[in-house]
Amino acid sequence: MSENQPTELRILAPREVKPKLDSLARDVQEAVGAPISRRQALSLGGLAVLGLSAAACGTASTGTTGGGASTAPSGSSAAGSLAGKPIENMLEIFNWSEYDDPSTYADFKKQSDIAAAGTQIHETYYASNDELIAKLNAGGAAYDIIVPSQNAVAQLIEENKLMKLDTSLIPNLSNIEPSFLKANFDPTGEYHVIKDFGVTGFYYNNKIVTEKIETMHDFFMALPKYVGKGRTNILDGAEEVVPLALMALGLDPNTDKDDELKQANDFLMSIRSGVTTISSDYIADASAGKIILGQGWNGDMRRVVAARKDQGDITAILPTGSSEIWADSWCIPTTAAHPVAAHHWINWLCTPAVAVKEMEYHNYPVPIQSALDQVPAELKNDPLFNVPTSLTDNYHYILNVSPAVVQKRTKIYTDFKAAS
Amino acid sequence: MTVDTAAPAPQATASGAGEHRSFKPRYPAWLALPSLAYQIIFFLGAMAILVAFSFATQTGFNQITYGFSLEQYKAVLDPTYLGIFVRTLAMAAGGTLLTVVIGYPVAYWMARYLGDKKLLALLLIIVPFWTSFLIRTYALKIILDSNGFVGQTLHLDIMYSAWAVGIGLVYNYLPLFILPVFSSLERMDWTLIEAANDLSAKPFSAFRQVTLPLTLPGFVTGALLVFIPMTGEYVVPAILGGGKFVFIGNVIGDAFNSAQNPPFGSALAISLMLALSIFVVIYILVATKEERFGS
C-alpha cells in the first residue's frame, strides 16, 4: 500500500464481483456528472455493494481470458443453477441505440418481482457487430444482455461466449413463432431468443422498369438492362454481395465450395457493368428518386416508398424464391453478472403486449403472431413490415461460416468492386 | 551575403550581438524524453504490433497465432491487390498533379500579389481545415450531385466517377500543398528575378531557372504531404466513388473489419508503407541535393 488516502476504501472481494463494481462505478460516474478517477469510483461502488447480499454472484464464469483454449464452465451448468436464484438488482444492457421503446424499460421495472428486487437498468450502445465483438473480446466490461445479429450469434457460440438460456425462466418463449426458435446460426436454439428480423429485397422506379421482376435473379439480370436510364445500386459488403448472388443462382449462400463461389464470381462479373454504385447508405438518395433500381432492406424500403408516395414511382419487392433474412437476438454472455435479471428481461420482451409497443417503436416485426395481430393496420397490412412466412420460409440467414469462406467472399467482393 | 556553410543553424541568432558563439545545445537532452516516449509508445509501438500481426497466422475470426509466416505477404502479391495498389498510386499521383497545378499558382499569387493581405488569404486557406474531413466530403457530395450545383449549372454528371474522387482528394489536401510552397515563395528574394530579367531572361525562363529551384524544397514537401495521405485515403473513394473506386485503404479496412483478418490487413498496410518509403527516399535525395545546391 503505497498511498494513504483516507477517502479510499480498499475491498477484498471475489473476482466475480468486479463487473458489478464496474457497473456501479459507471453509474456513480454518471450521477456525479464529472469524470472521477476509476479508483475513486471503485471505492464508492464498493461502499454501495457492501450493503447488498452477495448471493447472486455464483454464476459468473471465469472466461475473462477470451481465448478458445479455456473450457470455461459450460453454459448448461450455469443455466441449470439459475432456478430459484433471486433477481439481481442490476441489469447491464449493451444494445444498438434507440432500438427499444422507452416504456419497455420503465414497465419492466414496474413488474412486482423486479420492483421488489430493485433492479436498475444501465444501457450502453454499439454501432456494429464488429464493435460488439471487439468489446466482448477486450473483456473489460461485463454485460448481461447483448443484441447480436445472426452472424455474431454464431461466432459467439463458437467461441463459448454465450450462456445457454434457462428456458424455465422464459415461459413466454412459447409466444414466439416456432419457425423462429431454431435457426442455422444457433441450430439447437439454446443460446438466443429472436428480438426482431428483416429481409432483403429490391425496389425500382416503375416508370422506367416496366417489366415484372420478382426474384433476386431477375433483379441482377435487370441491372445491365436499365443502368443506361439511371443510377443502380446494390448493397455493400462482402457478406451481402456474394451470398445474394449465390442465392440468385439458387445456391447456398453459406457455401464453402469453390466451384459454387466461382459461379457467383462469374455471375457478378457478368452484371458488373450494370451497377452504378455499391452502397448500403441509400435511403436518402432513393427517397430523392435518384436510384432507379436497387437492393434494399424491407424496413428501409418502407421508408423509401413512403417518401415517394406523391410520385408513386417506387415499387418495392420482397423476392419470391431465395433471399436474405437477418435477425437480431437477445443473448446473455457467459460473463454476465446478473443472469437472472437478464432472463427476466428476455421473458418480458416475449410478452405480446410489450412486443406490440416495441414494433410500433422500431418498426421491425417481432415473430409473435398475437402481437402482429394487434399492431396498427398500416403495419399489419404492409407486407414490407409484416413479411409473410410463405416468403421467409425460403429465405436464408447469411453467416460468417469460417475465416476461409469469409476470405474467399472478400476476395470476390474486392475483385467485383475493383473491376470498373 | 556571405554564408557559412558549415554551421547554418545558429547563424540567425549569432548575427546579432556578435559575442561568443557557442554551438553547444543549451538545454539538457533529457527534456526530449516525454515526446520521445510518446513517439516510441504510440508510433513505434503501433508499428511493431502491425509488423507482428502481418507475420501471424489467422486461426479464427480476429484470432491469431503469432509466428513468422510469409503467407499474408504472398496473398498481397495476388493480381487483385497488386492492381489495386497500382490504381491507388495512380489515383494519388493524379490527385497530387492536380493539386500542384491548382495549388502552385494560388501560393504564388498569395506570396507575390497580396502584400499585407497575405495573412488573410492564409487564414481563408486554413479555415476549411477546422471542419471535420468527413463533413467536408459529404458537403462536396451535395455540390457534385447531379441535382446539385455541378449537375444543374454545369450540366456535368460526375458524381461516383473518377473525377468526383479526384476533386475530393484535391479539395481535402490542397492546403497541405499550398502552405509549404507559400512559405518557400515568401522567403524568396525577389531581387533575384530582377537580376534574371536584367540578364535578359524571359519571364518563364526566370521562373524555371530561379523561382522553381528556390521553391523546390517547399514544392517537394508539399507534394509528399499530399501524395502520402492520398494513397492511404479511405473516406473519399467510399463516399464520392460510390464504392466503385477501391483504394488500398478500403481493402485494408475490409480485411480488419468485415473479414476480421488482422494479419492480412497488416500485411497490406506494411506493403503500402514499403511502397511509400520509395518516395520518401526520393525526397531525401532531392532534399540533400537541394541543400548542396541551395545557397
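Definitions and cut-offs
- All chains use their own residue numbering, which begins from 1 and follows the written sequence.
- Each chain is given a letter, starting from A, and each ligand a number, starting from 1, according to the order in which they appear as written.
- Local features in a predicted model are, by the rule used here, given only for residues with pLDDT of at least 70; side-chain atom pairs are given and counted only at 80 or more, and totals for whole chains, interfaces and linings are based on all residues.
- Put simply, DSSP H or I for four residues or longer makes a helix, DSSP E for two residues or longer makes a strand, and each gets a number counted from the N terminus.
- As a rule, residues whose C-beta atom has 12 or fewer other C-beta atoms within 10 Å are exposed, those with 20 or more are buried, and those in between are partly exposed; C-beta atoms are placed from the backbone.
- It is the C-beta atoms, placed from the backbone, that decide contacts: two residues are in contact if theirs lie within 7 Å.
- When DSSP locates at least two bridges between a pair of strands, those strands are taken to pair.
- One confidence number per residue, pLDDT, is output by the predictor and ranges from 0 to 100.
- In this count, Pro and Cys sit with the nonpolar residues alongside Ala, Val, Leu, Ile, Met, Phe, Trp and Tyr, while Asp, Glu, Lys and Arg are called charged and the others, Gly among them, polar.
- Residues of type Ala, Val, Leu, Ile, Met, Phe, Trp, Tyr and Cys that are buried and joined through C-beta atoms within 7 Å form what is called a nonpolar core.
- Boundaries between domains were set according to an automatic or database domain assignment.
- By definition here, a helix of n residues has an expected span of 1.5 Å times n minus one.
- Where helices are involved, their axes are fitted lines through C-alpha atoms of the stretch in contact, as for all axes, and angles between N-to-C directions lie from 0 to 180°.
- Throughout this description, any angle smaller than 35 degrees is read as roughly parallel, any larger than 145 degrees as roughly antiparallel, any in the 65 to 115 degree range as roughly perpendicular, and the remainder as oblique.
- By convention, the crossing between two helices is left-handed when the near helix turns anticlockwise from the far helix through less than a right angle, and right-handed when the turn is clockwise.

Novice: Lay out the overall build of chain A in plain terms, naming residues and giving numbers.
Specialist: Scanning chain A for helices and strands turns up 18 helices and nine strands. In chain A, which comprises 420 residues, the share counted as buried stands at 45%. The contacts in chain A between residues at least 6 apart in sequence include a share of 77% that link residues at least 24 apart.

Novice: Talk me through the overall build of chain B; I want residue IDs and the actual numbers.
Specialist: Along its length, chain B carries 13 helices and two strands. Counting the 295 residues in chain B, one finds 31% classified as buried.

Novice: I'd love a proper account of the sheet that holds strand β3 (residues 145-146) of chain A, names of residues and values included.
Specialist: Residues and elements named next belong to chain A. The parallel open sheet is built from three strands, whose spatial order is β2-β1-β3. If you trace the sheet from one side to the other, it starts and ends with β2 (120-126) and β3, each paired once. As defined by bridge partners, strand β1 (residues 90-96) adjoins β2 across seven bridges and the pair is classed as parallel. Directly across from Met90, in β2, lies its bridge partner Gln120.

Novice: Give me the lowdown on the confidence of the model for chain A, citing residues and values where you can.
Specialist: Residue and element names in this part refer to chain A. Averaged over chain A, the pLDDT score is 84; the fraction of residues at 70 or greater is 81%. Mean pLDDT across the elements of chain A ranges from a minimum in helix α2 (residues 38-50), with 32, to a maximum in helix α10 (residues 258-270), with 98. pLDDT under 50 marks residues 1-8. Its contacts with residues more than four places away, or in other chains, come to two contacts. In the predicted structure, residues 32-79 sits below a pLDDT of 50 and forms 78 contacts with residues beyond four places in sequence or in another chain.

Novice: Lay out the interface of chain A and chain B with the relevant residues and their values.
Specialist: Every contact between the two is made by 24 residues of chain A and, on the other side, 18 residues of chain B. It is helix α18 (residues 403-418) of chain A that contributes the most residues to the side of chain A that touches chain B, nine residues altogether. Within the side of chain A that touches chain B, the residues separate by chemical class into six nonpolar, 12 polar and six charged.

Novice: Lay out the nonpolar core in plain terms, naming residues and giving numbers.
Specialist: Ile145, Val153, Cys331, Ile332, Ala342, Trp345 and Ile346 of chain A are the most contacted members of the largest nonpolar core, which has 61 residues in total. The biggest single contributor to this core is helix α13 (residues 339-349) of chain A, with six residues. Three or more residues apiece are contributed to this core by two domains, here domain 2 (74-191 + 327-387) and domain 3 (198-324 + 396-418) of chain A. Excluding residues that lie within four positions of it along the chain, Cys331 of chain A makes contacts with Ile146, Pro148, Val153, Leu156, Leu162, Tyr191 and His192 of chain A. Counting 52 residues, the second-largest nonpolar core is a separate cluster that includes Ala111, Leu240, Val246 and Leu268 of chain B.

Novice: Can you explain the domain arrangement of chain A? Please cite residues and give values.
Specialist: All names here are of chain A. Along its sequence, chain A is carved into domain 1 (15-53), domain 2 (74-191 + 327-387) and domain 3 (198-324 + 396-418). Centre-to-centre, using C-alpha coordinates, domain 2 lies 30 Å away from domain 3. With 15 residues of domain 2 in contact, the opposing surface of domain 3 contributes 11 residues. Among the elements that line the side of domain 2 that touches domain 3, the one with the most residues is helix α7 (residues 150-158), at four residues. Of the residues contributing to the side of domain 2 that touches domain 3, the split by class is nine nonpolar, five polar and one charged.

Novice: Explain the environment of Leu384 of chain A to me, using residue names and the numbers behind them.
Specialist: Residue and element names in this part refer to chain A. Within the secondary structure, Leu384 sits in the loop between α16 (377-380) and α17 (389-392). We classify Leu384 as buried; it has 25 C-beta atoms within 10 Å. Excluding residues that lie within four positions of it along the chain, Leu384 makes contacts with Asn298, Met301, Arg302 and Ala316.

Novice: Describe in detail the pairing of strand β5 (residues 231-234) of chain A, supporting the description with residues and values.
Specialist: Residues and elements named next belong to chain A. Every second residue of β5 is oriented toward a common face, with Arg231 and Asn233 on one face and Thr232 and Ile234 on the other, all of them buried. Taken together, the three bridges between β5 and strand β7 (residues 291-297) define a ladder with parallel strand orientation. When the sheet's bridge partners are listed, Thr232 is paired in β7 with Leu293. As paired elements, β5 and strand β6 (residues 277-278) share two bridges and run parallel to each other. Bridge pairing in β6 links Asn233 to Thr277.

Novice: Lay out α18 of chain A with the relevant residues and their values.
Specialist: Here α18 of chain A contains 16 residues, and its C-alpha end-to-end distance of 22 Å stays within 8% of the 22 Å for a straight helix at 1.5 Å per residue. Of all the residues in α18 of chain A, the buried ones are Val406, Lys408, Arg409, Thr410, Ile412, Tyr413, Thr414, Asp415, Phe416 and Lys417 of chain A.

Novice: Quick one: what's the story with unusual backbone geometry, residue by residue and with numbers?
Specialist: Residue and element names in this part refer to chain A. Even without being glycine, Glu98 reaches a positive phi, approximately 50°. Mapped onto the fold, Glu98 is located in the loop between β1 and α4 (102-110). Its identity is not glycine, yet Asn363 carries a phi of approximately 60°, on the positive side. Of note, Asn363 is situated in the loop between α14 (352-362) and α15 (369-372).

Novice: I'd like a rundown of the packing of helix α6 (residues 133-144) of chain B against helix α8 (residues 162-187) of chain B, residues and numbers included.
Specialist: Between two packed helices, both the angle of their axes relative to each other and the distance between the axes serve to describe the pair. Residue and element names in this part refer to chain B. Between α6 and α8, whose axes approach to 11 Å, the crossing angle comes to 135°. Taken together, the axis directions place α6 and α8 in an arrangement best described as oblique. Read as a crossing pair, α6 and α8 show a hand that is right-handed. Contact with α6, carried on its side by Phe133, Arg136, Thr137, Leu140 and Leu144, involves Ala164, Ile167, Gly168, Tyr171 and Asn172 of α8 and no other residues of that element. Classifying every residue of the contact of α6 with α8 by side-chain character gives six nonpolar, three polar and one charged.

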